[in-house]
Amino acid sequence: MSDLIKLKLVTEDEAECLHGLQVQVESFMPLYEKYQDDDTNPAKESLETVTKKIVEANSDFYFIAFNGEKVGGVRVRWHQGKKVYENINWISPIFIIPKFQNKGIASKVIEQLSEYNRVAIRYY
């Protein structure tokens, strides 16, 4: 199945696609409807906020494609500090639109990112 899942770097020009195609909005809307968290839910983020995340120097945002269809997104952030964290990468957020959830797609994406040494998976 991992050969059916591709990651494509989102460019600033594609911010509207990520936001406008409802990939992010559709993915997080069920949680928004349940909790009504206007200030923190990614479904309520503006195009401007999404664009800022895409161009941020210490992160990469990817479309997640399954069988060639954009079904989600993942943002990998990193910090190369010397005090609290040293050379650490993390995912924030990862999302899959509801009709493609529960198919193992997000798990495979995390495995791919880990294989590329982009994300260290730690369990606490």
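The coordinates are above.
Notes on the structure follow. Not measured: the values here are computed from a predicted model. (Residues numbered from 1 in each chain as written. Predicted model: local features only at pLDDT ≥ 70, side-chain atom pairs only at ≥ 80, totals over all residues. Heavy atoms only, no water.)

1. Some points on the overall build of the chain
This is how the line gets drawn: Only DSSP runs of H or I reaching four residues or more are called helices, and only runs of E reaching two or more are called strands; each is numbered from the N terminus. When accessible area is computed with a 1.4 Å probe and restricted to protein chains, residues below 20% of their type maximum are described as buried, those above 50% as exposed, and intermediate ones as partly exposed. Should any heavy atoms of two residues lie within 4.5 Å, those residues are counted as being in contact.
Helix and strand counts for the chain come out as 4 helices and 4 strands. Going from N to C terminus, the chain has its helices and strands arranged as β-α-α-α-β-β-β-α. Taking all 124 residues of the chain together, 37% fall into the buried category. Of all intrachain contacts in the chain linking residues separated by at least 6 positions in sequence, the fraction that spans at least 24 positions is 56%.

2. Describing the pattern of salt bridges
The line we're drawing: For this document, the term salt bridge refers to a Lys or Arg side-chain nitrogen within 4 Å of an Asp or Glu carboxyl oxygen.
Under the definition given, this model contains 6 salt bridges. For K52, the salt bridge goes to E48, with nearest N and O atoms at 3.5 Å. Taken together, the residues K52 and E48, both in helix α3 (residues 47-55) and 4 residues apart, mark about one turn of the helix. An identical accessibility class is assigned to K52 and E48; each is exposed. A salt bridge links E56 to R77, with the nearest nitrogen and oxygen atoms 3.3 Å apart.

3. Concerning the packing of aromatic side chains
As a reminder of what qualifies: The criterion for an aromatic pair is that two Phe, Tyr or Trp rings (for Trp, the six-membered ring) have centres within 6.5 Å, with stacked assigned to planes under 30 degrees apart, edge-to-face to planes over 60 apart and tilted to the rest. In this scheme, Lys NZ or Arg CZ marks a charge over a ring once it lies within 6 Å of the ring centre and within 35 degrees of the ring normal.
Applying the stated criterion across every chain, the model contains 3 aromatic pairs. Ring geometry for F61 versus F95: centroids 6.3 Å apart, planes at 70°, classification edge-to-face. Note that F61 is positioned in strand β2 (residues 59-66) and F95 in strand β4 (residues 88-96), a separation of 34 residues in sequence. Using a relative accessible area of 2% as the deciding quantity, one classes F61 as buried. Linked through ring pairs, F28, F61 and F95 together constitute an aromatic cluster. Lying over the aromatic face of Y32, K44 brings its terminal NZ or CZ to 4.8 Å of the ring centre. One residue, K70, lies across the ring of F63, its end atom 4.3 Å from the ring centre.

4. Focus on the nonpolar core
One recurring pattern in soluble globular proteins: nonpolar side chains tend to sit buried together. This is how the line gets drawn: We define a nonpolar core as any set of buried Ala, Val, Leu, Ile, Met, Phe, Trp, Tyr and Cys residues linked to one another through side-chain atoms lying within 4.5 Å.
Formed by 27 residues in total, the largest nonpolar core has its most connected members in L18, I54, I64, V71, F100, I105 and V109. The set of elements that each furnish at least two residues to this core consists of α1 (15-20), α2 (23-35), α3, β2, β3 (69-79), β4 and α4 (105-115). Per-element tally for this core: the top contributor is β2, with 5 residues.

5. Focus on α2
For the α-helix, the turn length of 3.6 residues means that residues three or four positions removed from each other point alike. Note the cut-off: A helix is expected to span 1.5 Å multiplied by its residue count minus one. Bend at a residue means the angle formed by two fitted axes: the first through the 7 residues ending at that position, the second through the 7 residues beginning there.
Relative to the 18 Å expected for 13 residues at 1.5 Å per residue, α2 spans 19 Å between its end C-alpha atoms, a close match to the ideal helical length. Along α2, the helix axis deviates most sharply at M29, where the bend reaches about 45°; the proline P30 sits within four residues downstream. What α2 keeps buried is the set V23, Q24, V25, S27, F28 and Y32. At the exit of α2 stands Q36, carrying a positive phi of roughly 50°.

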